[in-house]
Amino acid sequence: MKRAIVLCFFILCCSGNFLYAQYTINGKITDKKMNPVNGVSVHILNSNKGEISNAGGDFIITDLTPGIYMVRFSVVGFASKNQQISINHESINLKIVLEEITKRLDEIVVTAQKKEELLQKVPISITSLSEKNVNDYRIWNSREITGIIPNLYSADPGDKRNVTSIRGITTTSYDPAAATYIDGVNQFSLDTYISPLFDVERIEVLRGPQGTLYGRNAMSGVINIITKKPANKTTGFAEVSLGNYGEQRYSAGIKAPVIKDKLFIGLAGLYDGFNGFFTNEFNNSKYDKQHSISGNGYLKFLPNNRWVATLNIKQNNNRNNGPFPLVFGSDAAFSNPYKLSQNALTRIIDNTFNTSLSLNYSGTAFNFNSQTSYQTNYRYYKTPIDADFFPFDGVTLNNNYGKNWNNVKVFTQEFKFTSPANNSSKLNWTAGTYFFHQSSPTKTATRFGEDAPLLQIDSSLINASLINTTKAKGSGIAVYGQATYAITNKLDVTAGLRYDYENKQQSVHGEYQQDPDPNPQFDFRSDTSAATHYNAFQPKVSIGYHAKENSFLFITYSKGYRAGGLTPLSSIPTEPALYPFKPEYSNNIEAGLKNSFLQNKLLLNLSVFYTTVTNAQVPTLVLPDAVTITKNTGRLISKGFEAEANTTPVKGFEITYSFGYTDAKYTKLKVAQNGSETNLKGVHQIFTPDITSMFAAQYSLKVSGKNDVNLIFRGEWKYLGTQYFDLSNTLKQSPYSLLNTRIGIETKNVEVMFYGRNLSGRKYIAYAYDFGAVHLGDPK
């Protein structure tokens, strides 16, 4: 029986090779002056088929079957081009003409719907940042897409774990509101994702709920990061960046074929460090001096023309001498900027490891993908960290209890089937299943020192610690499907549905320890456990209308959800541990218009949205434990609009503008204040600027055509509107602008650039906690 199954599977996988005669695409690629273009990547979308043009601009792709294909042509220095090809005879000869990137915009391809598609034809609000965009904006960390992406705000609270909000749906716990994927792998929680960016091919940001294809915690959208893959052409890079505040950043990488058309390898590494922006007046030293080392490795194997196996390993080791550079109150932050005074000095050790194995099959009846991933994060403070943010012996936190604690582990598995690359049917589809298991054992001691009474802490806790031990596990499974049907040449309909089931288990144990005895004296909470489970359906329906060749209108309804859970243990008797809170749900309606004009020299995309969130998870930070208690006590309505424009009006001159407006308010919000319940109906959502705006203009002046030498002049103006950091809307940041620049010289293989960030030296709150601790944004 087993042999029969294996034989059937083998026949299915190989059937495309025997049912049809083999067809070929060949051609020549030139520029506008008919000069051949070498090194062009020729790729058939949604397949493993591709080739690199030779010195004469020639290429050939063999072993194809009849059907309709979309072929992409891309190379540095030229605008990427896509061309639809119908194969109905054995050989097709193409003549492809590429234009310089300084004259025309790229024709962008995205994988937003888990397959390769043209951005301007996808019924989702998406921004795609190419490798060139990432370099132009100088994006080194995922939070730096703030303002570039309409209605997106992302900030680092001080420990390198970015908190992101899109369209007023924001991260309020370790379960993010915006899902981040790196090379197809879900960066499962705020613990396990890697924020430094290098060797990036593109970044896609999908706005609005994406639950049908991406599942839990994609309520506000998805950040999809794709790094560069190895191919038949050997490529390499090296970069050195130096700046003030002791900034040093070094990166290098190489990608090469080990065996042509069969085995490829890719390696890239990054060192990033600086002396810190903040000064600790307690000992007159730099407080947030830090450095990190990251690596990204690929091993890619093609056993035949149908299968591709890719092993990917990512590592990030971060060391931060002074995490959470916070002061109490905005007045203190602005009156004495980038200064603090803390007596408990420590170093955060943060090691993240991600590995994945991807198997891709490209067939004539369907495509198949299996993605298996394993993620770990071991994160602790080497010595106790200051938790009162004052220069006295008040409250400290200690979580250095060995590798059995504070070591998050996540396993995920996804199987996905999609329609094939040669699909000539009116129906395009995607279906799959997803499984995960997460283990999060944590142990933290909150110690109260001699000066704890200054913080109005009970004197019985002086020189004592409350030790909180939590063992949490979660598992889930999902099945999903989505299909698009072309009713006519101009009208198509998309429908999808996802079902998620999730189970969570958690045990807590609270102990009291009195100094100097290292052993706990008694339990203030005996070892107790609980479990909860929930499920969710996430539908999606979209109608798309192709008004003209370069004009696309769509209207979409989608539903999203964020996972529920169990409350952690705290020292406050009124906040019982293991209290289950429900998932929160969102319903989103959006309409959009995507236009390209003047032979792709001008792009203009517009969208409007209306989102309701029910069972909103409202966080309350419990001090001095620094534990977040989550309850379902809110209802939120978020509405707004977005605009993106990109144009090259004359050769060498590019203008980009993005604008977003969000009005996100709670129509119901009950919170505990001063021993009673208060309804904060009408308050604004936190971490949500009402306006985000980015204007960028860049001019490339050619000074030597023979050697492709260009002078680059770039200016950026970022504007962020009013935003709040606490649910009472008392901690506020008024609108502000940031000015950036990029000036330098580039050749075909080398560039030297000067970057300036926040040139006006604007001081602003980047992140703040609801109890009043404030973190200023980066200085000039």
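It should be noted that the structure appears before, not after, this text.
Residues numbered from 1 in each chain as written. Predicted model: local features only at pLDDT ≥ 70, side-chain atom pairs only at ≥ 80, totals over all residues. Heavy atoms only, no water.

1. Digging into the side chain of Asp500
No. 1: Positionally, Asp500 belongs in strand 34 (residues 491–514).
No. 2: Among the polar contacts listed, one links the side chain of Asp500 to the side chain of Gln538, at a separation of 3.0 Å.
No. 3: Filtering out sequence-adjacent residues up to four positions away, Asp500 remains in contact with Gly215, Arg216, Ile477, Ala478, Tyr534, Asn535, Ala536, Gln538 and Tyr561. (Helix = DSSP H or I, 4+ residues; strand = E, 2+ residues; numbered from the N terminus. Polar contact = N/O pair within 3.5 Å; in protein donor to acceptor, adjacent residues only side chain to side chain. Contact = heavy atoms within 4.5 Å.)

2. What about the environment of Phe73?
No. 1: Inspection of the secondary structure puts Phe73 in strand 5 (residues 67–74).
No. 2: Look at Phe73 and you get buried, because its relative accessible area is 1%.
No. 3: Taking the C-alpha atoms as reference points, Phe73 and Ile52, 21 residues apart in sequence, are found 9.5 Å from one another.
No. 4: The residues contacting Phe73, other than those within four sequence positions of it, are Ile29, Val40, Ser41, Val42, Phe59, Ser80, Lys81, Gln83, Leu94, Ile96 and Leu98. (Buried < 20%, exposed > 50% of the residue type's maximum accessible area, 1.4 Å probe, protein only.)

3. Examining the nonpolar core
No. 1: Core analysis: the biggest nonpolar cluster contains 48 residues, and Tyr153, Phe278, Tyr666, Leu669, Phe687 and Leu727 have the highest contact counts within it.
No. 2: At the level of elements, strand 11 (152–155), strand 40 (602–622), strand 42 (653–673), strand 48 (736–746), strand 50 (765–768) and strand 51 (773–776) are the ones that each hand at least two residues to this core.
No. 3: Beyond its immediate stretch of four places on either side in the chain, Tyr153 contacts Thr146, Val163, Thr164, Ser165, Phe687, Pro689, Leu720, Gln723, Tyr736, Ile765 and Ala766.
No. 4: Membership of the second largest hydrophobic core comes to 22 residues, among which are Ile29, Phe73, Ile85 and Ile92. (Core = buried A, V, L, I, M, F, W, Y, C linked by side-chain atoms within 4.5 Å.)

4. A word on the side chain of Glu511
No. 1: Within the secondary structure layout, Glu511 lies in strand 34.
No. 2: For the buried Glu511, no salt bridge exists, and the shortest N-O distance to an oppositely charged side chain is 4.9 Å, to Lys443.
No. 3: Each residue touching Glu511, except ones within four places of it in the same chain, is listed here: Ser465, Leu466, Ile467, Thr469, Pro520, Phe522, Asp523 and Phe524. (Lys, Arg positive; Asp, Glu negative; His and termini not counted. Salt bridge = Lys/Arg side-chain N within 4 Å of Asp/Glu carboxyl O.)

5. Focus on unusual backbone geometry
No. 1: The omega angle of the peptide bond from Asp515 to Pro516 is 5 degrees, so this bond is cis rather than trans.
No. 2: Relative to the helices and strands, Pro516 is located in the loop between strand 34 and strand 35 (522–548).
No. 3: The phi dihedral of Asn600 is positive, around 65 degrees, even though this residue is not glycine.
No. 4: Inspection of the secondary structure assignment puts Asn600 in the loop between strand 39 (584–597) and strand 40.
No. 5: We classify Asn600 as buried; its relative accessible area is 11%.

6. Section: the pattern of salt bridges
No. 1: Taken as a whole and judged by the stated rule, the model has 30 salt bridges.
No. 2: One salt bridge in this structure joins Arg143 and Asp778, with 3.4 Å as the shortest N-O distance. Separated by 635 residues along the polypeptide, Arg143 in the loop between helix 2 (131–137) and strand 11 and Asp778 in the segment after strand 51 bring together distant segments of the chain.
No. 3: For Arg143, a relative accessible area of 24% corresponds to the partly exposed category.
No. 4: Taking the relative accessible area as the measure of exposure, Asp778 reaches 26% and is therefore partly exposed.
No. 5: Across the pair Arg207 and Glu642 runs a salt bridge whose closest N-O atoms are separated by 2.9 Å. Taken as a pair, Arg207 in strand 16 (residues 200–207) and Glu642 in strand 41 (residues 627–650) lie far apart in primary sequence, 435 residues in all.
No. 6: The exposure class of Arg207 is buried, given its relative accessible area of 2%.
No. 7: Owing to a relative accessible area of 2%, Glu642 belongs among the buried residues under this scheme.
No. 8: Residues participating in the shared-partner salt-bridge network are Lys132, Asp136, Glu654, Arg742 and Glu751.

7. Looking at the packing of aromatic side chains
No. 1: Applying the stated criterion to the full structure yields 33 aromatic pairs.
No. 2: Pairing Tyr378 with Tyr380 gives two aromatic rings, centres 4.8 Å apart and planes at 40 degrees, and the pair type is tilted. An identical accessibility class is assigned to Tyr378 and Tyr380; each is buried.
No. 3: Here the aromatic rings of Phe687 and Tyr767 are separated by 4.9 Å at their centres, their planes lie at 20 degrees, and the arrangement is stacked. With Phe687 in the loop between strand 43 (676–679) and strand 44 (691–704) and Tyr767 in strand 50, this pair connects stretches of sequence that are 80 residues apart.
No. 4: Cluster of aromatic residues (ring-pair linked, three or more members): Phe328, Phe389, Phe390, Phe392, Phe687, Phe725, Tyr767, Tyr769 and Phe771.
No. 5: In this structure, Lys114 is placed above the aromatic ring of Tyr214, and the distance from its NZ or CZ to the ring centre is 5.0 Å.
No. 6: Over the face of the ring belonging to Phe264 we find Lys300, whose NZ or CZ atom lies 5.7 Å from the ring centre. (Phe/Tyr/Trp six-rings, centres within 6.5 Å; stacked < 30°, edge-to-face > 60°. Lys NZ or Arg CZ within 6 Å of the ring centre and 35° of its normal.)

8. Some thoughts on the sheet that holds strand 21 (residues 279–280)
Either a parallel or an antiparallel arrangement is found when strands of a sheet pair, and the pairing is made through backbone hydrogen bonds.
No. 1: Pairing within the open sheet is mixed, and its three strands lie in the order 22-21-26. Two strands lie at the open edges of the sheet, namely strand 22 (285–286) and strand 26 (339–340), each paired on one side alone.
No. 2: Examined bridge by bridge, strand 21 and strand 26 share two bridges and lie parallel to one another. What sits directly across from Thr279, in strand 26, is Lys339. (Pairing = 2+ DSSP bridges.)

9. Digging into the pairing of strand 2 (residues 41–44)
Where a strand is regular, its side chains alternate between the two sheet faces.
No. 1: Burial of the side chains of strand 2 is restricted to one face: Val42 and Ile44 are buried, whereas none of Ser41 and His43 on the reverse face is.
No. 2: In this structure, strand 2 lies alongside strand 3 (residues 50–52), joined through three bridges in antiparallel fashion. Bridge pairing in strand 3 links Ser41 to Ile52.
No. 3: Between strand 2 and strand 3, which pair antiparallel one after the other, the connecting turn spans five residues, and Asn46 there sits at a positive phi close to 60 degrees.
No. 4: In this sheet, strand 5 lies alongside strand 2 in antiparallel orientation, the contact comprising four bridges. From the neighbouring strand, Ser41 faces strand 5, where its bridge partner is Ser74.

Function cannot be inferred from these measures alone, as they are strictly geometric.
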